[in-house]
Amino acid sequence: RFGDGEVTILDATAIQRTLASLETKAYHARPADADGDGEVTILDATAIQRHLAAIDTDTGIGKNKVTTD
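As the structure is a computational prediction, the values presented were derived from the model and not from experiment.

Undergrad: I tried to follow the overall build of the protein chain on my own but got confused; where do I start?
TA: When helices and strands are counted, the protein chain shows three helices and zero strands. Its helices and strands taken in sequence order, the protein chain reads α-α-α from the N to the C terminus. Sequence-distant contacts in the protein chain: of pairs separated by 6 or more residues, those separated by 24 or more amount to 51%. By element, 49% of the accessible surface of the protein chain is carried by carbon and sulfur atoms, the whole surface being about 4,700 Å².

Below, the structure written as structure tokens:
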């Protein structure tokens, strides 16, 4: 589930769906900003995908749990 503190492909999919203006059941901009630059862009979805594929990123994904509270 998006925003549950776990990083999964569902997080990247929620970002992509939101950016494409498609219905997304659970989406919160704060945890979606994977690269921490203050904006949610396709680069955030890509950073999550790279993290899940074990490709090095400098984003800190998975180190700090950000919840939607």
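Undergrad: I'm lost on a nonpolar patch on the surface in this one. Help?
TA: There is a patch of nonpolar side chains on the surface, built from Ile9, Leu10 and Leu52 and spanning about 270 Å² of accessible area. Inspection of the secondary structure puts leucine 52 in helix H3 (residues 42–52). Accessibility expressed as a relative area gives 39% for leucine 52, which makes it partly exposed.

Undergrad: Help me understand the nonpolar core, please; the structure alone is not making it clear to me.
TA: Soluble globular proteins: nonpolar side chains tend toward being buried together. By size, the foremost hydrophobic cluster in this structure holds eight residues: Ala12, Ile15, Ala32, Ala34, Ala45, Ala47, Ile48 and Ile61. Secondary structure elements with two or more residues in this core: helix H1 (9–19) and H3. Considering each element in turn, this core owes the most residues, three residues, to H3.

Conventions and cut-offs
- Residues numbered from 1 in each chain as written.
- Predicted model: local features only at pLDDT ≥ 70, side-chain atom pairs only at ≥ 80, totals over all residues.
- Heavy atoms only, no water.
- Helix = DSSP H or I, 4+ residues; strand = E, 2+ residues; numbered from the N terminus.
- Contact = heavy atoms within 4.5 Å.
- Areas by Shrake-Rupley, 256 points an atom, 1.4 Å probe, with all protein chains shown as cover.
- Patch = residues over 30% accessible without salt bridge, like charges linked within 9 Å, V, L, I, M, F, W, Y side chains within 5 Å.
- Salt bridge = Lys/Arg side-chain N within 4 Å of Asp/Glu carboxyl O.
- Buried < 20%, exposed > 50% of the residue type's maximum accessible area, 1.4 Å probe, protein only.
- Core = buried A, V, L, I, M, F, W, Y, C linked by side-chain atoms within 4.5 Å.

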